[in-house]
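Analysis of the macromolecular model
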Amino acid sequence: MHQAASLQFERVVNEFARWLAVPEDERSPAPAWWWGPAIAVLDVRQPMPGAWSHALGLEDGSTFAEGACLLLALFEDQTSVSWPEDFPRKADTKDDEIRKLQPQPSDDSAFQP
């Protein structure tokens, strides 16, 4: 397995543990940035380190593929993803608040005459 995929998956495992520690009714939706690292190891049948298995609630000797399946299953019934500032806990925002997105330059504006 590529070292970068392992490092990214380790980051996700650590974030998952933080996310899981938040009470379920206060927890944000699973973040979309977990998809990529999970898909990158979806076919890896190599066992994960024991600490990673435990953090994901899996048995010792669980594979990266099993961990990826657990993470991807979080998105099956999810209808929205969290904003980065809402992770791991839902942000306290009022219904009438609108998130302000910073304007981004269009592709054409990057090359001014």
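Look a little higher up for the structure.
The sections below set out a description of the structure shown in this document. (Residues numbered from 1 in each chain as written. Predicted model: local features only at pLDDT ≥ 70, side-chain atom pairs only at ≥ 80, totals over all residues. Heavy atoms only, no water.)

Here we come to the packing of helix α1 (residues 3–20) against helix α4 (residues 64–73). Orientation of α1 relative to α4, taken along the N-to-C sense of each, is 50°, at an axis distance of 12 Å. In terms of orientation, α1 and α4 fall into the oblique class. Classified by chirality, the crossing of α4 by α1 is left-handed. Contacts from F9, V12 and F16 of α1 reach α4 at F64, G67, A68, L70 and L71. (Axes fitted to C-alpha atoms, helices over the stretch in contact; angles between N-to-C directions. Helix = DSSP H or I, 4+ residues; strand = E, 2+ residues; numbered from the N terminus. Parallel < 35°, antiparallel > 145°, perpendicular 65-115°, else oblique. Left-handed = near helix turned anticlockwise from the far one by under 90°. Contact = heavy atoms within 4.5 Å.)

What α4 keeps buried is the set F64, A65, G67, A68 and L71. What you see down the axis of α4 is that its buried residues fit within an arc of 160°, all on one side. For α4, the elements touching its buried residues are α1, α2 (35–40) and α3 (50–55). (Buried < 20%, exposed > 50% of the residue type's maximum accessible area, 1.4 Å probe, protein only. Arc of directions from axis to C-beta.)

Our next topic: the packing of aromatic side chains. A full pass over the atoms with the stated rule returns 9 aromatic pairs. Their ring planes at 90° and their centres at 5.7 Å tell us that W52 and F64 sit as a pair that is edge-to-face. With W52 in helix α3 and F64 in helix α4, the pair connects residues that are 12 residues apart, well separated along the chain. Grouping residues by exposure puts W52 and F64 together as buried. By way of ring pairs, the aromatic residues F16, W19, W33, W34 and F87 are connected into one cluster. A cation sits over an aromatic face here: R27 above W19, 4.8 Å from the ring centre. (Phe/Tyr/Trp six-rings, centres within 6.5 Å; stacked < 30°, edge-to-face > 60°. Lys NZ or Arg CZ within 6 Å of the ring centre and 35° of its normal.)

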